[in-house]
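# Notes for the structure review
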Amino acid sequence: MIKKLQLPLQTMNLVLGFMVWVIISALLPFIREDIAIPADRIAILTAIPVVLGSVLRIPLGYYANVVGARIVFIVSFILLLFPVYFISTASSVTHLVIGGLFLGIGGAVFSVGVTSLPKYYPKEKLGLVNGIYGMGNLGTAITTFAAPVIATQIGWSATIQMYLILLLVFAALNAVLGDRKEPRVKTPVMEQIKGVYRNDKLWYFSLFYFITFGSFVAFTVYLPNFLVSHFELPKVDAGLRTAGFILIATFLRPVGGWLADKFKPLFLLMGVFIGMTLAAVLLAFSPSIALYTVGCLTIAVCAGLGNGIIFKLVPLYFNKQAGIVNGIVSMMGGLGGFFPPLMLSFIHSATGQYSIGFMALSQVALASFVLVVWMYYQDKLAVTSQVFNSTGQGILVTDAKGRIYAVNPAFTRLTGYAEEEALGRNPSLLKSGRQAPQFYQSMWAEIMEKGSWQGEIWNRRKNGEQYLELLTINVVKDETGEIVHYVGTFSDITDRTPGASGVADRVAKP
């Protein structure tokens, strides 16, 4: 029973963590009425919670494996009591910056669930499970929508203090309902990092999540103030629009995970980055509020789907190091939400517009699309290579002129010739001399006429031992019909063929 509760419990934990994470950005229009905040500090103030929320994801993901998600969530919620109360009593920008930094703990709890929950479900359901957990992003929408409404009634300070009650309630819920028997993984963190940091897919996934989740966070903290200052919308209206953006991205996250369970995740990710590229180009032209809404909603759709797809890919490629990889990837996603607001603020102060920043987003999204395409074809090549190297049959590939181009490990086992000894030479190095010239003439005539040949043939190993093999030769042509390779596959059938010597005599006769 306790195990079945972990997905809903941890999802609600994430909702609360994200609710706390964006308190400042959601209530900034109200806070500015009481605290003078220079325009050049606004971007820093809204982005600062993202810093600790990103960096802490690695240790929190690691400790979720070491001590279990229950303990990490309880400690996180207790620690959040202090910055939340501190911000509710803030009287200066410095107070807000200090408190905002430690609000990052709320965003960091994301890596706890994506590390813990896969222990309870089979691999084919992880996309959907991580997608459902990722709906905890909904916490940003709840705060963005509800906090301004409540603040109009009781003030921003009292509104923030209400979060103290929620944190205490959820700390108690985790103490009672958290899984005390969650499986532990106690591999030292540095050992785990050493095991993955050289894998290029770790950094590709980090970049992809930097773009998708980073866009989600960046637009979440950037839209409320931007819509008020740039389009002069009422504060509550701006909050509603931002909440709509968050809701779309959040509810599409499990859809992205579910689709990744059913279809090829990399194909889906290609569509995500093409969509983001086009949307960012649209936003770069500073359109009307209607077109701006279309661009933002497209970003929301792509970010939501992309977030779900990426966390299906992580356990597929990093099954044994999922905790540390989830921490690193989610950290990069959080940092992806830190830099865009600062970059947009700097570009706006220097040029008076946001176009260059959105064009930069479009180019990074386009580059990510190219990388996904490259990954897809690299995976296909890797599968081909694994099949080539692991098959029990010997494989010999020559170029059009008959020079050996490639051999597999089974070729070496069967013939005794190492790869470097065979490359560049003619397959005649295997000739036993037991077949007459007419045999080879007939064989090649059939290959040129039909494109393939199969039969029994005596060959010789490097040590001089002769053996009977079942050989298949196929022609490989390019798009123009020109022959580019000959591929021979063979297996030793000497011991499996009764009267092999008699066969040899018949094969050898012209």
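Cut-offs used in this document
- Residues numbered from 1 in each chain as written.
- Predicted model: local features only at pLDDT ≥ 70, side-chain atom pairs only at ≥ 80, totals over all residues.
- Heavy atoms only, no water.
- 1 Å grid on protein atoms, 1.4 Å probe; cavity = no way out; pocket = protein on both sides within 12 Å on 5 of 7 lines; lining within 4 Å.
- Points joined across faces, edges and corners; volume = space filled by probe spheres on them.
- Helix = DSSP H or I, 4+ residues; strand = E, 2+ residues; numbered from the N terminus.
- Nonpolar A, V, L, I, M, F, W, Y, C, P; charged D, E, K, R; others polar.
- Pairing = 2+ DSSP bridges.
- Axes fitted to C-alpha atoms, helices over the stretch in contact; angles between N-to-C directions.
- Contact = heavy atoms within 4.5 Å.

### Looking at empty space enclosed by the protein
Counted according to the given criterion, the structure contains two cavities of 30 Å³ or more. Taken together, Ala26, Pro29, Phe30, Pro148, Pro224, Val228, Lys235, Ala238 and Gly239 make up the lining of the largest cavity. Secondary-structure elements contributing two or more residues to the lining of the largest cavity are α2 (23-34), α12 (200-230) and α13 (235-262). Taken together, the residues of the lining of the largest cavity sort by class into seven nonpolar, one polar and one charged. By volume, the second largest cavity amounts to about 40 Å³. Around the second largest cavity, the lining residues are Trp21, Val22, Ser25, Thr46, Pro49, Val50, Val217 and Val221. At three residues, the largest contribution of residues to the lining of the second largest cavity is made by helix α3 (residues 39-55). Partitioning the lining of the second largest cavity into residue classes produces six nonpolar, two polar and no charged.

### Side note on the sheet that holds strand β1 (residues 394-399)
Across the sheet, which stays open at both edges, the five strands sit in the order β2-β1-β5-β4-β3 with antiparallel pairing between neighbours. Lying at the two open borders of the sheet, with one neighbouring strand each, are β2 (404-407) and β3 (452-460). Sheet twist, expressed as the mean angle between neighbouring strand axes with direction ignored, is 25 degrees. As judged from the three bridges shared by β1 and β2, these two strands associate in the antiparallel manner. Residue pairing for β2: Thr398 is matched across the bridge by Ile404. The strands that helix α20 (residues 437-450) touches are β3, β4 (466-477) and β5 (483-492); relative to β3, the one it contacts most, it runs at about 150 degrees.

### Here we look at the pairing of β3
By the bridge criterion, nine bridges tie β3 to β4 in an arrangement that is antiparallel. In the sheet register, Trp458 faces β4, and the bridge partner there is Leu468. The antiparallel hairpin formed by β3 and β4 contains five residues in its connecting segment, where Gly464 sits at a positive phi of about 95 degrees.

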